[in-house]
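# Architecture at a glance
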Amino acid sequence: MTTNINILSELHWRGLVNQTTEGLNDLLQTPQVVYLGVDPTGNSLHVGHLLALTVLRRFQRAGHRVIVVIGGATGMIGDPSGKSEERKLLEFQTILENVTSVKEQIEQLIPLASVVNNHDWMRGYYYLDFLRDVGKHFPVNVMLTKDSVKSRMESGLSYTEFSYMLLQAYDFVYLNQWHGCTLQIGGSDQWGNITAGIDLCRRMRGVELHGLTIPLLTKSDGTKKVKMGKTERGALWLDAEKTSPYDFYQYWLNVADEDVERCLKYFTDLDANEINCLIQRHRSDPSKRIAQRRLATGDPQIGRLMPADYCCNALAVTGSVTQGDCCYQTKPLSGIHNRSSMRSWYSSLPKGTGARPSNDGARTSF
């Protein structure tokens, strides 16, 4: 059986390939099992996770089986990759709650994905057994060459964080043994952890695995690249209680002109012709923000984890508050069901617009 889409060519065209192992294209000519790992460091995913999950969903649509590993075990330690200082260790109960929340979000984004928790296979592994079975296959001199370790040698790296690589590497071995997984994907900062898993499986099981990393979500900022997905209130979360629909919509509406084409390729299912036509229309009159509006409203991945009426209200509010300094929202806010979400919506409105929330045309006191 062959897959119906050349997924690697598709990802290259969309700019979603950073590094791959040799021979990956040949492997992907037949259906594979692909996995992505997500650590539950918070009770919601953010747009950085959304990019990786979007890639995973593309693999699923191309005929591959996909697995998301929630790091109930690895999240107890924290990945040092891309971090200048050690993460604060989370309480076990907090991790459990985060796992539940993140799992619900993943199942909404990729309904047919297998979602597993690595705590399920790590909690019964005795420390001495793990050192004998896994640790003996990790040359320290090789570990010291990984970027996640090298970048922290001067500022300091605890043994706890140093051990993170072993845990993630073993996930790949476990998934290969029990689920037939052959490919791991992740952000570009995960290449060291991915290759560690590939090396470990070759040493423990004699099996050749593969890896693919995607670019980190960045925006153009003069001569440098900075991470996207940040607002004045912090990260751009996929939970409407943490990032309001208005803020979420406004973020994509205000994506810079030099970034919008790349974001359309990253997050939407539009093909090359559709994106080219959209960009041409946008360039004819950038002030209309045609491409940004399509990015913000035209794809279910950007529509994200909220009821449709939340999105509609965000659009209605945006149209209202941008028409003048003294306009009032009179459309019923059917998507806002309680005082908490109303406060969140109200607090997200631009200051000084004069806009006021209402329900059935009346002002609401809260």
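Rules used throughout
In this convention, every chain numbers its residues from 1, walking through the sequence in written order. Confidence filtering applies because this is a predicted model: local features only for residues at pLDDT of at least 70, side-chain atom pairs given and counted only at 80 or more, and all residues used for totals across whole chains, interfaces and linings. Heavy atoms throughout the structure, all of them, feed into the side-chain values; hydrogens and water do not. Secondary structure follows DSSP: runs of H or I at least 4 residues long count as helices, runs of E at least 2 residues long count as strands, and numbering of each begins at the N terminus. Remark: exposure states derive from per-residue accessible area (1.4 Å probe, protein chains only) relative to the maximum for the residue type, with buried under 20%, exposed over 50%, and partly exposed in between. Only heavy atoms matter for contacts: two residues are in contact if any of them lie within 4.5 Å across the pair. Here the accessible surface of atoms and residues is derived via Shrake-Rupley with a 1.4 Å probe, and residues count as covered only by protein chains that are part of the display. Each Phe, Tyr or Trp ring, with Trp reduced to its six-membered ring, pairs with another whose centre is within 6.5 Å; inter-plane angles below 30 degrees give stacked pairs, above 60 give edge-to-face pairs, and intermediate values give tilted ones. The score called pLDDT rates the predictor's confidence residue by residue, from a low of 0 to a high of 100. Buried residues of nine kinds, namely Ala, Val, Leu, Ile, Met, Phe, Trp, Tyr and Cys, make up a nonpolar core once their side-chain atoms join them within 4.5 Å. Here, a salt bridge means any side-chain nitrogen of Lys or Arg that lies within 4 Å of a carboxyl oxygen of Asp or Glu. Polar contact criterion, stated in full: a pair of N or O atoms within 3.5 Å, where within protein one must be able to donate a hydrogen and the other to accept it, and residues adjacent in sequence count only if both atoms are side-chain atoms. In this description, a line fitted to the C-alpha atoms serves as the axis of each element, helices being fitted only across the stretch in contact, and the angle between N-to-C directions of two axes falls anywhere from 0 to 180 degrees. What sets the label is the angle itself: under 35 degrees gives roughly parallel, over 145 gives roughly antiparallel, 65 to 115 gives roughly perpendicular, and the rest give oblique. Note on residue categories: nonpolar means Ala, Val, Leu, Ile, Met, Phe, Trp, Tyr, Cys or Pro, charged means Asp, Glu, Lys or Arg, and polar means any other residue, Gly included. Whether two strands pair comes down to DSSP finding at least two bridges between them.

### Some words on the overall build of the chain
For the chain, the helix and strand inventory stands at 18 helices and 12 strands. Taking all 366 residues of the chain together, 50% fall into the buried category. Restricting the contact set of the chain to residue pairs at least 6 apart, pairs at least 24 apart contribute 74%. For the chain, the exposed area adds up to about 17800 Å²; of that, 49% sits on carbon and sulfur atoms.

### As for the packing of aromatic side chains
All chains considered together, the criterion is met by 10 aromatic pairs. Aromatic pair Tyr125 and Phe130: ring centres 5.3 Å apart, planes at 90°, arrangement edge-to-face. Owing to a relative accessible area of 21%, Tyr125 belongs among the partly exposed residues under this scheme. Judged by its relative accessible area of 8%, Phe130 falls in the buried class. The interplanar angle of 75° and the centroid separation of 5.5 Å between the aromatic rings of Tyr125 and Tyr170 together place this pair among those described as edge-to-face. Of this pair, Tyr125 sits in the loop between helix H5 (119–122) and helix H6 (127–133) while Tyr170 sits in helix H10 (residues 164–179); the two residues are 45 residues apart in sequence, bridging distant segments of the chain. Given the relative accessible area of 11%, Tyr170 is considered buried.

### Description of the environment of Thr41
Tracing the backbone through its elements, the reader meets Thr41 in the loop between strand S2 (33–38) and helix H3 (47–61). Assessed through its relative accessible area of 41%, Thr41 is described here as partly exposed. When neighbours within four sequence positions are excluded, Thr41 is seen to be in contact with Arg87, Leu90 and Asn98.

### As for the confidence of the model for the chain
The predicted model of the chain averages 82 in pLDDT, with 75% of residues at 70 or higher. Counting interchain partners and residues more than four positions distant, the pLDDT-below-50 stretch residues 304–310 has 22 contacts. Residue range residues 320–339 is modelled with pLDDT below 50. Its contacts to residues more than four positions away, or to other chains, number 50 contacts.

### Some points on the nonpolar core
Counting 58 residues, the largest nonpolar core has Phe59, Ile185, Leu212, Trp252 and Leu264 as its most contacted members. It is H3 that contributes the most residues to this core, eight residues altogether. Within the second largest apolar cluster, 31 residues are counted, among which are Ile67, Met143, Val173 and Tyr174.

### Considering the pattern of salt bridges
Tallying each qualifying case throughout the model produces eight salt bridges. Here Asp269 and Arg58 are joined by a salt bridge, their closest N and O atoms 3.2 Å apart. A residue pair is termed long-range when its members are at least 10 positions apart, and Asp269 in the loop between helix H13 (257–267) and helix H14 (272–284) and Arg58 in helix H3 qualify at 211 residues. You can call Asp269 partly exposed: its relative accessible area is 36%. The shortest N-O distance in the salt bridge between Lys265 and Glu261 comes to 3.9 Å. Taken together, the positions of Lys265 and Glu261, both in helix H13 and four residues apart, correspond to about one turn of that helix. The class of Glu261 is partly exposed, set by a relative accessible area of 25%. Connected through shared salt-bridge partners, Arg58, Arg61 and Asp269 make up one network.

### Quick look at the side chain of Asp259
Note on placement: Asp259 falls in helix H13. The exposure class assigned to Asp259 is buried, which follows from its relative accessible area of 2%. In terms of polar contacts, Asp259 uses its side chain to reach the side chain of Arg262, at 2.9 Å. Apart from residues no more than four positions distant in its own chain, Asp259 is found in contact with Lys219 and Ser220.

### Re the packing of H14 against helix H15 (residues 290–297)
Where H14 meets H15, the closest approach of the two axes is 7 Å, and the angle between their N-to-C directions is 135°. In terms of their interaxial angle, H14 and H15 are classed as oblique. Of the residues in H15, those touching H14 at Leu278, Ile279, Arg281 and His282 are Ile290, Ala291, Gln292 and Arg294. Its residues assigned to classes, the contact of H14 with H15 comprises four nonpolar, two polar and two charged.

### Quick notes on the sheet that holds strand S3 (residues 65–70)
Strands sit in the order S1-S6-S5-S2-S3-S4 across an open sheet of six strands; the sheet is mixed. The open sheet has two edge strands with one neighbour each: strand S1 (19–20) and strand S4 (114–117). Pairing of S1 with strand S6 (residues 210–214), which is carried by two bridges, proceeds in the antiparallel orientation. Bridge pairing in S6 links Thr20 to Leu212. Of the strands in this sheet, S2, S3 and S4 touch helix H4 (residues 92–109), which is tilted by about 160° from S3. Sitting on the sheet, helix H11 (residues 191–205) touches S1, strand S5 (183–187) and S6, and the angle it makes with S6 is about 175°.

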